[in-house]
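So the chains spell out like this:
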Amino acid sequence: MLKLWMFVALLLCHSLAVFAVPPVPPVPTDPHSFANIEQVQSRKLTLDLTVDFEQQQLHGFVEHELHRKDPKVEQMILDSRALVIEKVLQANDQGDWQIATFTLGEVDAIKGQPLTINLVSTTTKIRVYYRTTAASSGLQWLSAAQTSEKRQPFLFSQSQAIHARSWIPLQDTPALRVSYQARIRTPKQLLAVMSADNSQNTERDGDYRFVMPQPIPSYLIAIAVGDLHFQSMSEHTGVYAEKTWLAKAAAEFNDTQKMMDVASKLYGQYPWGRYDLLILPASFPFGGMENPRLSFITPTVITGDKSLVSLIAHELAHSWSGNLVTNSNWNDLWLNEGFTNFFENRLMAEVYGPARAAMEYSLSVKDLQRDIAELEPLDTALQLQLAGRDPDDAFSQVAYVKGQLFLQLLENKFGRTRFDGFISAYFQQFAFQSMDTQTFLKFLQQQLLDKYPGVVSQAEVEQWVFGPGLPQGFPTQPSDAFEQVAKLQQAWLAQEIGLAELPSQAWTVHEWLHFINLLPRDLAPAKLAELDAAFSFSQSGNAEIFVAWSRLAIPLNYLPVMPQVKQFLLRVGRTKFVVPLYRLLLDNPAQQVFANDIYQQAKAGYHPLTQAQIDKAFGG
Ligand SMILES: [Zn+2]
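The paragraphs below set out a description of the structure included in this document. (Residues numbered from 1 in each chain as written. Predicted model: local features only at pLDDT ≥ 70, side-chain atom pairs only at ≥ 80, totals over all residues. Heavy atoms only, no water.)

Focus: the coordination of the zinc ion
Those protein atoms acting as donors to the zinc ion are His314 (NE2), His318 (NE2), Glu337 (OE) and Glu337 (OE), and they sit at 2.0 to 2.8 Å. Coordination at the zinc ion comes from four donor atoms whose angles at the metal span 51 to 151 degrees, giving a geometry best classed as irregular. Mapping the donors of the zinc ion onto the primary sequence gives the spacing H-x3-H-x18-E. Relative accessible area serves as the criterion here: at 6%, His314 is assigned to the buried category. Under the relative-accessibility criterion, His318 is labelled buried at 0%. (Donors = N, O, S within 2.8 Å, 3.2 Å for Na, K, Ca; no water. Tetrahedral: all angles 85-135°; square planar, octahedral: opposite > 155°, others 65-115°. Buried < 20%, exposed > 50% of the residue type's maximum accessible area, 1.4 Å probe, protein only.)

Dropping the structure here:
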């Protein structure tokens, strides 16, 4: 654990680095990459891969076009993890290919292995032939039985944070951008899609070609292969999914074009051409992944009532914050996620009205407070210190919601018009570039703090960015609807009214979530049963409601929910839901064996990232 004085020392270092040193930003270094990008860079790559479902393996080659920063550079270091490297070739600009020697370095538990390739002075391209392995953490191979249709196998990638290196040997750092093209061979009956120019009417022949002409960070390179079909939602938006989900998803998310139009009006033209959604099997470890042109989406937000479509607003917002202006390493994740959460809430207010946006905002604050209570103080600062740690640790609500609240504070203080202008200028000035906290703070100082003195102090900014926890006086969005819910709940708890008197028919999912979150954590068993009888929380098909209810019910050892918890954990692999459920079961001595039994059954169906987090909960 970090001592207080060390934390203060860190704060001081940061303050000096940001506000006292001359205005030359330090060259951002990425503690999670071996790549020598200050000497040589791959700015364009070509993939040629075969998808082998029997071996559960990708094999083929990646070709990198070299951009020398140091003309004397003799080696190129790529990141890799759990790959079998078969051979490496290099070519000069005449296209003469020859063998290149290489070494695969020692395994680092977090970073993987450096692949060091010896170059000759005329090398302009290298080509690495390789195979993935069962330990390639960025891929999940699903058997037919693990898919929604249960007829064909499925493969999808999840490259963020540093898992692209487990399926492509490359310079795996968000400090660098690369455009790519790919040829992907699959079984004939399956369709491949990528974070690229997917065609809506490709012939299904098992041979697919893609181009992503815009430079993107490596963590946004993505692939999925399965029995996928396409349904258009508007001229520029559509859905790829297994048949089970196709029509449902297209109906649920048919406001996507509206969101896109509003977003373009707010912060500048949508920069990527089309915006499609890919619905993944329920084992997908995240809510969504903002792969450019094709966001990957969990089916757990398809509820039939658009109650959870803020996820789409979030992934779409990433088209600007994250995909266009990108955190330069994972310590600065808040620049991706805080901006995106802020942008998401703004979109929700514009498209669905401020009342709904206020409810979602309050629910997010609650999630943040829960995370802060559980995290080490150092992990509750916006800028993180993740050297020597797994960058997947960065993904708490701190980067998302504390980042959002900081930006909301700035908007409240400087006014919406000025702050909108500030954000538009930020996206425009730094488009297709990487951004670190120090550079952002300098831009903030120039564009707002210095221009409008006396509105927000440097000390306030530093407290938010480098200080622990949630600063006092953080901005809130009062919700009349939530106040009403709280009042009625109080009346019920005081036995002044019965459950039948709650306007439950009129309540939205958000009001229900607030109602459940507010319930006393020591509610009597009879009260739990009364609620469940009235509202069937244990049977809820809305994952957010079911998990909020389980958070209350499991610690109280409310047995009627347990069979449903088991079913849920066997069906869904989204870490946001399953990790807390396992933790709660393990914290309840009466349910530890039950938790272990479920995990033994469910484990094979979970993504490697989900497994890693649950293993941690089990103390492994
Ligand atoms: Zn995000």
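Comments concerning the pairing of strand S12 (residues 191–194)
Both faces of S12 are covered, namely the face carrying Leu191 and Val193 and the face carrying Ala192 and Met194. Across four bridges, the pairing between S12 and strand S14 (residues 223–226) is antiparallel. Counterpart to Val193 in the pairing with S14 is Ala224. (Helix = DSSP H or I, 4+ residues; strand = E, 2+ residues; numbered from the N terminus. Pairing = 2+ DSSP bridges.)

Focus on helix H12 (residues 509–518)
Burial analysis of H12 places nine of its ten residues in the buried class, which makes it a mostly covered element. Looking at the buried side of H12, the elements it contacts are helix H6 (354–374), helix H11 (480–493), helix H13 (525–535) and helix H14 (543–553). (Contact = heavy atoms within 4.5 Å.)

Brief notes about the pattern of salt bridges
Inspection of every chain in the model, using the stated rule, returns 23 salt bridges. When the shortest N-O distance is used, the salt bridge between Glu65 and Lys44 registers 4.0 Å. Here Lys44 lies in strand S1 (residues 40–52) and Glu65 lies in strand S2 (residues 57–68), a separation of 21 residues in the sequence. The exposure class of Lys44 is partly exposed, given its relative accessible area of 35%. Here Arg183 makes a salt bridge to Asp207, at a shortest N to O gap of 2.7 Å. Note that Arg183 is positioned in strand S11 (residues 178–185) and Asp207 in strand S13 (residues 207–216), a separation of 24 residues in sequence. (Salt bridge = Lys/Arg side-chain N within 4 Å of Asp/Glu carboxyl O.)

Section: the environment of Thr508
Within the secondary structure layout, Thr508 lies in the loop between H11 and H12. Taking relative accessible area as the criterion, Thr508 reaches 32% and is therefore assigned partly exposed. Between the C-alpha atoms of Thr508 and Ala481, which are 27 residues apart in sequence, the distance is 9.8 Å.

Digging into the packing of helix H3 (residues 256–267) against helix H4 (residues 310–317)
Two numbers describe how H3 lies on H4: the axes approach to 10 Å, and their chain directions differ by 45 degrees. The orientation of H3 relative to H4 falls into the category oblique. H3 and H4 meet at a crossing whose hand is right-handed. Across the interface between the two elements, Thr256, Met259 and Met260 of H3 pack against Ile312, Ala313 and Leu316 of H4. A per-class count over the contact of H3 with H4 returns five nonpolar, one polar and no charged. (Axes fitted to C-alpha atoms, helices over the stretch in contact; angles between N-to-C directions. Parallel < 35°, antiparallel > 145°, perpendicular 65-115°, else oblique. Left-handed = near helix turned anticlockwise from the far one by under 90°. Nonpolar A, V, L, I, M, F, W, Y, C, P; charged D, E, K, R; others polar.)

Considerations on the layout of surface pockets
Size it by volume and the second largest pocket reaches roughly 550 Å³. Lining the second largest pocket are 30 residues, with Ala282, Gln567, Phe568, Arg571 and Val572 positioned closest to its centre. For the lining of the second largest pocket, the secondary-structure elements that each account for two or more residues are H14, helix H15 (562–571) and helix H17 (592–602). Counting residues per element, the lining of the second largest pocket draws most heavily on H15, which supplies five residues. Of the residues contributing to the lining of the second largest pocket, the split by class is 14 nonpolar, 14 polar and two charged. (1 Å grid on protein atoms, 1.4 Å probe; cavity = no way out; pocket = protein on both sides within 12 Å on 5 of 7 lines; lining within 4 Å. Points joined across faces, edges and corners; volume = space filled by probe spheres on them.)

Overview of the sheet that holds strand S3 (residues 75–80)
Within the open sheet, the three strands sit side by side as S3-S7-S6. Their pairing is antiparallel. In this open sheet, the two strands that pair with only one neighbour each are S3 and strand S6 (102–104). In this sheet, neighbouring strand axes are inclined to one another by 20 degrees on average, regardless of whether the strands run parallel or antiparallel. Here three bridges tie S6 to strand S7 (residues 113–118), and the two strands are oriented antiparallel to one another. Bridged to Thr103 within S7 is Thr116.

Describing helix H2 (residues 243–252)
Residues of H2 that are buried: Trp245, Leu246, Ala249, Ala250 and Glu252. On an axial view of H2, the arc spanned by its buried residues comes to 155 degrees, and they lie on one face. Residues of H2 that are buried make contact with strand S15 (229–232), strand S16 (237–241) and strand S17 (275–279). (Arc of directions from axis to C-beta.)

Notes on unusual backbone geometry
Each neighbour pair has its own omega, and for Gln160 with Ala161 the value is 0 degrees, a cis peptide bond. Relative to the assigned elements, Ala161 resides in the loop between strand S10 (154–157) and S11. A positive phi is found at Gln56, a non-glycine position, where the angle reads about 50 degrees. In this fold, Gln56 is placed in the loop between S1 and S2.

Quick word on the packing of aromatic side chains
Taken as a whole and judged by the stated rule, the model has 46 aromatic pairs. Considering the side-chain rings of Phe156 and Phe284, the 5.6 Å spacing of their centres and the 70 degrees angle between planes classify their relative orientation as edge-to-face. Linking Phe156 in strand S10 with Phe284 in the loop between S17 and strand S18 (288–289), this pair joins segments that are 128 residues apart in sequence. With respect to burial, Phe156 and Phe284 carry one shared label: buried. With a centroid separation of 4.4 Å and an interplanar angle of 85 degrees, the aromatic rings of Tyr267 and Phe343 are classed as edge-to-face. In this pair, Tyr267 is assigned in helix H3 and Phe343 in helix H5 (residues 333–352), connecting sequence segments 76 residues apart. With relative accessibility at 1%, the residue Phe343 sits in the buried group. Over the ring of Tyr129 we find Lys87; its NZ or CZ atom is 4.7 Å from the centre of that ring. (Phe/Tyr/Trp six-rings, centres within 6.5 Å; stacked < 30°, edge-to-face > 60°. Lys NZ or Arg CZ within 6 Å of the ring centre and 35° of its normal.)

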